[in-house]
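Observations on the three-dimensional arrangement
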Amino acid sequence: MSATTTGSTETGPDRDRVRLHDAVIRFAGDSGDGMQLTGDRFTTESGLAGNDLVTFPDYPAEIRAPAGTVAGVSSFQLHFSDHSIHTAGDAPDMLVAMNPAALMKHMGDLKPGGTLILNSDEFDERSLAKAGAVTDPREDGALVDFTVHEVGLTSLTLRALEEDVASGAITKKDAARCKNMLALGLVSFMFSRPTTGTEAWLREKFAAKPALADANVKALRAGFNYGDTTEAFTFTYEVGRAELPPGRYRTISGNQASAYGLVAAAQRAGLPLFLGSYPITPASDILHELAKLKHFGVTTFQAEDEIAAMGSAIGAAFGGALAVTTSSGPGIALKTEGIGLATMYELPVLVVNVQRGGPSTGLPTKTEQSDLLQALFSRNGEAPIPVVAAKSPGDAFDTMLEAARIALTYRTPVMILTDGYLANSAEPWRIPDVDTLPDLSAAFAFTTAPNGDDGEFLPFRRDPETLARPWGLPGTAGLEHRLGGLEKAPDTGDLSYDGANHHAMTVLRHERIARIGAQLPPLEVDDPSGDADVLVVGWGSTDGPIRAACHTLREDGRKVAHVQLRHLSPIHPDLEGIMRRYGTVILPENNMGQLAMLLRARTLIDIQAYNRVTGAPFLSSELVEVITRMAGAGLDGRGADARRDA
Amino acid sequence: MSATDTTTTPLTRKDFASDREVRWCPGCGDYAILATIQTLLAEVGARPESTVFVSGIGCSSRFPYYMDTFGLHTIHGRAPTIATGLATSRPDLDVWVVTGDGDGLSIGGNHLLHALRRNVNLNILLFNNEIYGLTKGQYSPTSPLGAVHKSTPMGSVDRPLNPVSLALGAEATFVARSIDADRKHLMETLTAAHAHRGTSFVEIYQNCVVFNDDAFIQVTGRDTKQHNQIRLTQGEPIVFGPDGEHAVVADADGSMSVVPTAEAGDRIVVHDATREDPTTAFALSRLAPTPDRPTPFGVFRDVDAPVYDDLVRDQVARATAAKDADLRALLDAGNVWDVA
Ligand code: SF4
C-alpha cells in the first residue's frame, strides 16, 4: 500500500484481492478503547501469517486524561510485510479511528489515498467539541484525500450482542467495550486473516468469565462478517510471507526480551537472578515480567525508592547473585551514587535504563536517546563503567547476555540502554537455541581460598589480563574483607589517602574498562558495495530506521555504509579507523548530538550530526532525505570520487 | 552458598577484631560498643565468615573496618538497602547494620523506615550522639530544640525525632535502647537483639566527646542517673530510683507518667515487650521524648512476626518446586511459527 509497493490484483468471486508487499496500519482510540490489545492481536495474527513486522505503540502521557480528548488518545501502529523490514513504517496506509479525537490527532499522518475507518457513532457534537474539532472533519473537506469507511462500530457491536445484554449475561457497558474486537474483525477480514487464533486467545483470557469471552468472540466475528457482507469493501488485501531466516519465531517486545535475556544470563552463569526495582514508566514491565519467573530462581524486590533498588542490587551482588536494577532516566539519576559505589567495590551489577524523554519528568511515555551522556558520565569523580545499547526489541535479549558477560568477567557495574520505543514495540524474533547461548559460567569463579602470599585474602589483587579483582563471597572462611567507597591501596584494598596512589587507581579504573574493548570481536560494517564514501553511524534503536534508509538509498543506486554500535563504553576500538575510511560520516540520534560530540572530541573527525527529539523514532524517509542532503555527491561512492579527482 | 568453614573452634573477642587501627577520638563512646559487639559475637558462637557488618557514612559507620568479618562501608544513609539485598539473597548470613542519627534518621530515614516495617532479618544498631561528628559538629535530627552547634548559632529550631518512637511507629518487631557507658546492659540488650529473628532495632546513646560531650548527662551523670534511668524488665512492674521510689503508671488517656511509687497503687505498668500491639510500648517511649528526664532503657518490644526475606525465599522455593526452570520452554511459548 506504500508508494514503494507494487501490488498485483487478483479478481475473486466477490471482490478484488490486492496482493501487497507491505502495509502500515494504525489503530487509534481513547485510552479505554483497548487499542493496544487490538494492535497486539493483529500483530500476533501477522506473525502467524509469516510476515516480518515492527510495531510502535504510543501511549497517552496522562493516565487519566479526560475521555474523548486528544490528550487521551492511545495508538498502536503495525508495519507488516512479505520482506525484511526494520521500522514501524513512516505514514500509515490505514487508520482506524475510534473517536473524533483519534481522528484529529492522527489524520495528518495518513498517507494520501489511505484508508480511513471511522467509528461514526462517536461523531456527535459533544465528542467533536471534546476533540477540539471546530467543524466536523467528515464534512469540512479534511478527508477528501482518503478512502473513508464510516462504520457504526459501537452500534454494530451492541446489535451483535443484543441477546447477551437482554439475557443479563453481560451489561450494556461490557457489550460496548467489545467494539475494539469488532474493529479487529473488520480489519482481519480486509487483510484476509483468520480470526481463529484471536478467538482461542479470548477464550483463554476470559476463561473465568465465559460470558465476556462469548461476547468478544461474537463481536470479532460480527466485524469480520460485516466486512464480508457489505459492499463497501470492494478490495481485500493480502501480504505474503516474508523470507526470514529459517527457524522458529515469535513476536517479542523489548521489555519482554530484556527480562528473558536476564533470566537466560543468570541461567547460563549458574547464578540466582536478583532484581531490585522501583516502578517507573516505561521500565516497569521488566519488573512485572521477572516477578512471574520466580521458578527460574528469580528474586524480585520492589524497593521503597530507586536508591534502595540500586542498593539492594549491590547487596545481592556482594552475596553472589547476578544482580540487576531496572529504571528510566529520572530513576537512574537517583541510582547514580550507588553506581559510583559499585564502581569502587568492583562488583558486577546490571543497570538497565529504558530511556524516555527528559529532562526531569520530561515525556514519560515517549522515546528518546538522551541519557547517553548520563550513562557515561553522571557519577561524581572519574568513574568509568561499560555501557551497552540494544538495537531492536529482540536484540535486547542478546544485549543483556553481553552486559552480563562484561559485568561478570570484569567485575563492574554495566549500564544497559534501551528506550521507550524498543521497550514497547515488537518484532518477530527468531527463538535462539538455548544451548548456543554464551556460557557465562566461564566468565568468573568465586574465590574459595585466600590468594595472598602469607595466607591472607587480598580482595584487590587483580587478574593481570582483565584487571578483574577476586569475587570472594561472605560465607567463605578466610576471605573476610571490607569494601568501601573510599580510595584504596592496591591488593589489600586498605584505605589510602595518598595522592599518587589515587592517580594510579584512577588510571587503572579507566584501563580496566578500556581493556574490555580490546577483547571485542571486530566491528561489523554494512557496506555491500564496498566502495561507499558515506558512513552512517548509529547506536541503539536507530538501527531500524538507518538500515531502512540505507536500503532505500541502495535500491536507488546510491552507495552508503552503516555501522551500528552496541558498545558505547568502551567505544569499539575499530570505530575510529572505520570512520577514517569514509569521506562523510553522518550520525543521527534522538538527542541533541551526544555521541556525535563525544566522537568528534575523541577523534577530531568532522562528524555531521542529525538530531530530533519529538518523542518518536526516526522515519526512514526522513533519514533518506537527511543522508542525501548531508552527503550530496558522496553517495556516488569512492570510485566516483577517484574519477572526479582524476 | 553456605559457609565452607564448619569448624566449631570457640573464638574469642580478638578473633573478631581486624588489624586495622581504630581511629575514633580518644574517649569516644564507639570504643565501648565495638568491644561489646566483638565479645558478644565470640560468646554467641558467631562465625566471622558468616557475619557481615554494613554501615553508611559517619563516625559510627567506620565500624565494619574494625571487625574481622565481612563488611561494607557504603554510602550515606543507604546501608539498610544494601543489607536488605544481601539478607534477602543470603539466608545463611548474620547481617548487621551500623548507623547513626544523621545517617539513619536524616539522609537515610526512608530506608530505615522501610527496613523496619518489612521486618528484614537484620540487626540495626543506631548510635545516637545527637550530633554530626564526622563533618565536625552540626546539629542532627535528634538534637534537642535550642541546641547550639556550628550550623545553629542561635539554637536549633528543628523538633527532634525519638528513634525508639519512630521504630515503634513503623511496627518494628524488636525495639530496644541502651547506652555506651553501661557495658553490662549493652551486652544484654544486644544479645537479645541478635537472638531476635526479623529486624531488631537498638538505639544506643553514644557520647561524642569532641562535639557534643555529656549530651546524655541526665541519664549517665553520677548524681542524676539513678533518678533518670528507667530499666525495663520483662514481666516486672516499672519502678526505678535508688529505692524504687518512682513508678510508671498508665493514665486514662493512654499515655504514661511517672508518679511516686507510694501513690501509684495498682496503676503501675507491668512491662510486657511481647504485647502484639505496639501502643503501650509507644506510650512508654513518649515518657522521654528527649533524654533529659526519666528515660526507659531495655527492650520495648519483642514480638514474632513473619520475616520479609523468609517470605520472599519461600515464594521462590514454592515456584521452583512447582515448575521447572526450562528456558527453552519459556522462550518457545505463546504464538510461535516456523520458517523453513
Ligand atoms: S567526633 Fe565524636 S562521635 Fe566521632 S569519633 Fe570523635 S568522639 Fe566519636
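This text follows the structure it describes.
All figures in this text were calculated on a predicted structure; none of them were measured in a lab.

**Overview of the overall build of chain B**
The secondary structure content of chain B amounts to 12 helices and 12 strands. For chain B, whose C-alpha radius of gyration is 22 Å, the value lies close to the compact-globule estimate of 20 Å for 340 residues. Dimensions of chain B, computed from C-alpha atoms along their principal axes, come out at roughly 90 × 50 × 50 Å. Counting every position in chain B, which comprises 340 residues, the buried fraction comes to 54%. Of the contacts formed within chain B by residues at least 6 apart in sequence, a portion of 66% connects residues at least 24 apart. Total accessible area on chain B is roughly 14100 Å²; 53% of this is exposed by carbon and sulfur atoms. In chain B, 29 side chains carry a positive charge and 42 a negative one; their mean positions are 4 Å apart.

**Comments concerning empty space enclosed by the protein**
Residue and element names in this part refer to chain B. All chains considered together, the criterion is met by seven cavities of 30 Å³ or more. Here the largest cavity defines a volume of roughly 110 Å³. In terms of lining residues, the largest cavity is bounded by 15 residues, among which Asp272, Arg275, Thr280, Ala281 and Phe300 are the most central. Contributing elements (two or more residues each) for the lining of the largest cavity: helix H10 (279–285) and strand E11 (295–302). It is H10 that provides the largest number of residues to the lining of the largest cavity, a total of three residues. Of the residues belonging to the lining of the largest cavity, the class tally is nine nonpolar, two polar and four charged.

**A few points about the pairing of strand E6 (residues 200–205) of chain B**
All names here are of chain B. Burial runs high along E6: six of the six residues are buried. Residues Ser200, Val202 and Ile204 of E6 are buried on one face, and the alternating residues Phe201, Glu203 and Tyr205, pointing to the opposite face, are buried as well. Sheet analysis places strand E4 (residues 123–128) next to E6, joined by six bridges and oriented parallel. Bridge pairing in E6 links Leu125 to Val202. Here six bridges tie strand E5 (residues 174–179) to E6, and the two strands are oriented parallel to one another. What sits directly across from Ser178, in E6, is Ile204. Taken together, E5, helix H6 (residues 183–195) and E6 form a β-α-β motif whose crossover is right-handed.

**Let's talk about the packing of helix H10 (residues 254–269) of chain A against helix H15 (residues 395–410) of chain A**
All names here are of chain A. Put simply, H10 and H15 touch, their axes get as near as 7 Å, and they point 40 degrees apart. Overall, the two elements H10 and H15 adopt an arrangement that is oblique. Relative to H15, the crossing made by H10 is right-handed. In contact with Gly254, Ala257, Ser258, Tyr260, Gly261, Leu262, Ala264, Ala265 and Ala269 of H10, H15 contributes Ala396, Phe397, Met400, Leu401, Ala404 and Leu408.

**Notes on the interface of chain A and chain B**
At the interface, 72 residues of chain A touch 58 residues of chain B. Summed over both partners, the interface of chain A with chain B comes to about 5300 Å²; 62% of that surface belongs to carbon and sulfur atoms. Broken down residue by residue, the surface that chain A buries against chain B is led by His295, Glu304 and Arg482 of chain A, which jointly contribute 14%. Where chain A meets chain B, there are 25 residue pairs in polar contact (both at pLDDT 80 or more). Going through the elements one at a time, helix H1 (35–48), strand E10 (247–253), H10, strand E12 (298–302), helix H12 (306–318), helix H13 (329–345), strand E17 (426–430) and strand E18 (482–484) of chain A are the ones with two or more residues in the side of chain A that touches chain B. For the side of chain A that touches chain B, the element with the most residues is H12 of chain A, which contributes eight residues.

Basis of the calculations
Residues numbered from 1 in each chain as written. Chains lettered and ligands numbered in written order. Predicted model: local features only at pLDDT ≥ 70, side-chain atom pairs only at ≥ 80, totals over all residues. Heavy atoms only, no water. Helix = DSSP H or I, 4+ residues; strand = E, 2+ residues; numbered from the N terminus. Rg over C-alpha atoms; globule rule 2.2 N^0.38 Å. Buried < 20%, exposed > 50% of the residue type's maximum accessible area, 1.4 Å probe, protein only. Contact = heavy atoms within 4.5 Å. Areas by Shrake-Rupley, 256 points an atom, 1.4 Å probe, with all protein chains shown as cover. Lys, Arg positive; Asp, Glu negative; His and termini not counted. Charge placed at Lys NZ, Arg CZ, Asp CG, Glu CD. 1 Å grid on protein atoms, 1.4 Å probe; cavity = no way out; pocket = protein on both sides within 12 Å on 5 of 7 lines; lining within 4 Å. Points joined across faces, edges and corners; volume = space filled by probe spheres on them. Nonpolar A, V, L, I, M, F, W, Y, C, P; charged D, E, K, R; others polar. Pairing = 2+ DSSP bridges. Right-handed = clockwise from strand over helix to strand, strands pointing away. Axes fitted to C-alpha atoms, helices over the stretch in contact; angles between N-to-C directions. Parallel < 35°, antiparallel > 145°, perpendicular 65-115°, else oblique. Left-handed = near helix turned anticlockwise from the far one by under 90°. Buried area = accessible area lost by both parts, 1.4 Å probe. Polar contact = N/O pair within 3.5 Å; in protein donor to acceptor, adjacent residues only side chain to side chain.

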